[in-house]
Amino acid sequence: MAERTDVVFVDGVRTPFGRAGEKGMYWNTRADDLVVKAIIGLLERNPNVPKDRIDEVAIAATTQQGDQGLTLGRTAALLAGLPKSVPGFAIDRMCAGAMTSVTTLGSGIGFGAYDLAIAGGVEHMGRHPMGFGADPNPRFLAERLVSADALNMGNTAERIHDRFPHLTKERADRFGMRSQQKVAAAYAAGNIQPDLVPVALRTDAGWGLATQDEGMRPETTIEGLATLKTPFRPHGRVTAGNASPLTDGATASLLASAETATELGLRAKMRMVSFAFAGVEPEIMGLGPVPSTEKALRKAGLNITDIGLFELNEAFAVQVLSFLDHFGIDDEDPRVNQWGGAIAIGHPLAASGVRLMIQLARQFEQHPEVRYGITAMCVGLGQGGTVIWENPHYAGLTHTNAAN
């Protein structure tokens, strides 16, 4: 058998993320146009990539209907100006859609079937609310396979608070506030903007340009968070301040074999080390990243102490806190979500996995002392996903085994 081919993350971009709904900046923007804009921006940043050498395009979406349906990978490839010879497909693993696009195409590269591939995701939650039009099989409830509220992500977060009483609302609120502060600081330092693709906007007042995430609230205070309503149960602990908002946005990434990256003069930003997905009870879906991370670490022959940077999707603060608690990591650990996360930036479901990778890749550049990083997220219906990456800028890597 041939040896496995090294898979590298060459580059990634995203649109600014917008608030979902009629008041959101993308209300008049098509979902497919968002991801096409991301792909065009990705290719413009990488002019050395011959478009006819791209072997596959995988684009994820959770609610695949309307302008977010019709085999998005193929339609987006055509709309982005790729040759008609470039194939594409759509993929769905709810919140981990884009992450699964990356791991699926990365697997194809590792197997030798692909040399270059584009992986990403889009979610227009304003036009296509999560689960809209879905028809869950009645057996789920009739045979008590899941609880009646397992499809409500907010309720699953409340259940994690129930299971771990020491993960208090106060800790969740503080984590949410810190996310807002860290995103604001990252913007102030110019760390976020380089990977954003501006999007033209059509509004009643005329045309505009989206250049930053719309949902940021840097003025957030603990006192203000304490007053927010708990929409999922009376006297609950999950609020709009310690959970990610409904969001519209798209991401796109360029993956390659290490050999192809070298051939084309493409500088790898990360090397894929291992990945894993795992299932948990749907009622506590937020715990999913714990077993997926343990599995990915086993496959890589690594320990949690080997990980120098974490990009964890903040679907809910308590979900991240449960992960940190399990692995003995402090709430304020500087390795975790250095530039904030989805509570402030937003979580356009199937797009978010690549957003995590984009931020980790740029942090790797700033931290040559770090060798390994993790992107991880919980997934609706009781799953978790984790990808472990190696930093090609790591000071301990020799020229011959560096990931570029």
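This structure is a prediction, so every number in the text was calculated from the model and none was measured.

Basis of the calculations
Residues numbered from 1 in each chain as written. Predicted model: local features only at pLDDT ≥ 70, side-chain atom pairs only at ≥ 80, totals over all residues. Heavy atoms only, no water. UniProt positions renumbered as here; feature names shortened; annotations may be inferred. Helix = DSSP H or I, 4+ residues; strand = E, 2+ residues; numbered from the N terminus. Domains from an automatic or database assignment. Contact = heavy atoms within 4.5 Å. Salt bridge = Lys/Arg side-chain N within 4 Å of Asp/Glu carboxyl O. Polar contact = N/O pair within 3.5 Å; in protein donor to acceptor, adjacent residues only side chain to side chain. Buried < 20%, exposed > 50% of the residue type's maximum accessible area, 1.4 Å probe, protein only. Patch = residues over 30% accessible without salt bridge, like charges linked within 9 Å, V, L, I, M, F, W, Y side chains within 5 Å. Areas by Shrake-Rupley, 256 points an atom, 1.4 Å probe, with all protein chains shown as cover.

1. Examining the UniProt feature "domain: Thiolase C-terminal" (unreviewed entry) in the protein
- Under the UniProt annotation, the feature "domain: Thiolase C-terminal" (unreviewed entry) is placed at residues 268-390.
- As annotated, residues 268-390 comprises 33% helix and 26% strand, and the C-alpha atoms at either end are separated by 11 Å.

2. Side note on the domain arrangement of the protein
- Entries for the protein in the domain assignment read domain 1 (7-128 + 245-271) and domain 2 (144-193 + 272-389).
- Look at where the C-alpha atoms of domain 1 and domain 2 centre, and you get two points 21 Å apart.
- Between domain 1 and domain 2, the residue contacts involve 39 residues of the former and 37 residues of the latter.
- Our count for the contact surface shared by domain 1 and domain 2 stands at 0 salt bridges.
- Scanning the region where domain 1 abuts domain 2 turns up 7 residue pairs in polar contact (both at pLDDT 80 or more).

3. Observations concerning the environment of Met 285
- Mapping Met 285 onto the fold places it in the loop between strand S9 (270-279) and helix H9 (289-300).
- With a relative accessible area of 2%, Met 285 lands in the buried category.
- Placed 224 residues apart in sequence, Met 285 and Ala 61 show a C-alpha to C-alpha distance of 19 Å.
- With sequence-adjacent residues up to four places away left out, Met 285 is seen in contact with Met 153, Thr 156, Val 280, Phe 316, Cys 378, Val 379, Gly 380, Leu 381, Gly 382 and Gln 383.

4. Overview of a nonpolar patch on the surface
- A cluster of nonpolar side chains, namely Phe 140, Leu 141 and Leu 145, defines an oily patch on the protein surface of about 280 Å² accessible area.
- Inspection of the secondary structure assignment puts Leu 145 in the loop between helix H4 (139-142) and helix H5 (153-163).

5. A look at helix H10 (residues 317-326)
- Counting buried residues along H10, 8 of its 10 residues qualify, which places the element largely inside the surrounding structure.
- Taken together, the buried positions of H10 are Ala 317, Val 318, Gln 319, Val 320, Leu 321, Ser 322, Phe 323 and Leu 324.
- Turning to H10, the residues buried within the fold contact H5, helix H6 (169-188), H9, strand S10 (307-312), helix H11 (342-345) and strand S11 (372-379).
- Positive backbone phi, at 70°, marks Gly 328, one or two positions downstream of H10.

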